[in-house]
Amino acid sequence: MPKRAIFILLVSSIGLLAGLVGGVFALVVFLESVTKLANFSSFAVRLALSGAFLAGALVLYAIKKSRAQFAYGMLEVAAGLVSNWLSLDSWFTPVVSPGAPNVVYARLTILFAGMYIIVRGISNAVEGFDRFFPSLWPKGRA
């Protein structure tokens, strides 16, 4: 594979990842603002949001099974990065409640879940890349 093509793919992948991280972070900020409002704490709204998340999951599954699996993997990496970023942000605020050990375990769980999502995202991105360019990356299959 020519070095110029590798450079173009690397730069475009980093650009895609940066855009996806921004999008995922914007979604998190939007959802935080929506859930803090008192009017949105009803059962019907939570049910509607759950339905929207289910529909989104079905769309993401369809993307994963298509040739766009590379973008799906990059989206997983972005979600893991945002998850870890927000979890690490909370590490630097002191916890002075009696349940402090539980908070530490919850933060560790979020960090490890974020790492798992990143690893799965890399795996899906590599598989998606292989679907797009099966002849360009023969060593990746081995």
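Residues numbered from 1 in each chain as written. Predicted model: local features only at pLDDT ≥ 70, side-chain atom pairs only at ≥ 80, totals over all residues. Heavy atoms only, no water.

## Details of the overall build of the protein
Quick note on the threshold: Helical segments are the DSSP runs of H or I of at least four residues, strand segments are the runs of E of at least two, and each set is numbered from the N terminus. Only protein chains enter the accessibility calculation, which uses a 1.4 Å probe; a residue is then buried when its area is under 20% of its type maximum, exposed when over 50%, and partly exposed in between. Throughout, a residue-residue contact means that at least one pair of heavy atoms, one from each residue, lies within 4.5 Å. Calculation of accessible area relied on Shrake-Rupley with a 1.4 Å probe; when residues are assessed, cover is drawn exclusively from the protein chains displayed.
Summing up its helical and strand segments, the protein has 5 helices and 0 strands in all. Shown N-terminal to C-terminal, the secondary structure of the protein runs as helices and strands in the order α-α-α-α-α. Looking at the 142 residues of the protein, the share that counts as buried comes to 19%. When contacts within the protein are restricted to residue pairs at least 6 apart in sequence, those whose partners lie at least 24 apart make up 73%. When the accessible surface of the protein is summed, it comes to about 9900 Å², and 75% of that surface belongs to carbon and sulfur atoms.

## A few points about the packing of helix H2 (residues 43-64) against helix H3 (residues 69-91)
Spelled out, the test is: Axis definition: a line fitted to C-alpha atoms, limited for helices to the stretch in contact. Angles are taken between N-to-C directions and run from 0 to 180 degrees. When an angle is under 35 degrees it counts as roughly parallel; over 145 it counts as roughly antiparallel; between 65 and 115 it counts as roughly perpendicular; any other value is oblique. As a working rule, the residues Ala, Val, Leu, Ile, Met, Phe, Trp, Tyr, Cys and Pro are called nonpolar, Asp, Glu, Lys and Arg charged, and the rest polar, with Gly in that last group.
As a packed pair, H2 and H3 sit with axes 7 Å apart at the nearest point and diverge in direction by 130°. When the axes of H2 and H3 are compared, the pair comes out oblique. Counting all contacts with H2, which are made through Leu60, Ile63 and Lys64, the residues of H3 involved are Gln69, Tyr72 and Leu75. Taken together, the residues of the contact of H2 with H3 sort by class into 4 nonpolar, 1 polar and 1 charged.

## Some points on the packing of helix H1 (residues 3-36) against H3
Quick note on the threshold: Definitions for this section: a left-handed crossing has its near helix turned counterclockwise from the far helix by less than a right angle. A right-handed crossing has that turn clockwise.
With their axes 8 Å apart at the nearest point, H1 and H3 run at an angle of 55° to one another. Here H1 is positioned oblique relative to H3, judged by the angle of their axes. As for how H1 packs across H3, the hand of that crossing is right-handed. Residue-level inspection shows Ser13, Leu16, Leu17, Leu20, Val21, Val24, Phe25 and Val28 of H1 in contact with H3, the latter providing Phe70, Ala71, Met74, Leu75, Val77, Ala78, Ala79, Leu81, Val82 and Leu86. Its residues assigned to classes, the contact of H1 with H3 shows 17 nonpolar, 1 polar and no charged.

## Re the packing of aromatic side chains
Short version of the rule: To pair, rings of Phe, Tyr and Trp, with the six-membered ring standing in for Trp, must have centres within 6.5 Å; the planes then decide the type, stacked if under 30 degrees apart, edge-to-face if over 60, and tilted in the middle.
Following the criterion strictly, the structure yields 2 aromatic pairs and no others. On the numbers, 6.4 Å between centres and 55° between planes, the contact of Phe70 with Phe129 is tilted. Note that Phe70 is positioned in helix H3 and Phe129 in helix H4 (residues 100-132), a separation of 59 residues in sequence. Phe129 carries the same exposure label as Phe70, and that label is buried.

## Quick word on H1
For the record, the criterion: Given a helix with a known number of residues, its expected span is that number minus one, times 1.5 Å.
Its 34 residues give H1 an end-to-end C-alpha distance of 49 Å, which sits within 8% of 50 Å, the value for a rise of 1.5 Å per residue. Among the residues of H1, those classed as buried are Ser13, Val21, Val24 and Val34.

## Brief notes about the environment of Leu31
Positionally, Leu31 belongs in helix H1. Look at Leu31 and you get partly exposed, because its relative accessible area is 22%. Along the chain, Leu31 and Leu49 lie 18 residues apart, while their C-alpha atoms are 9.9 Å from each other.

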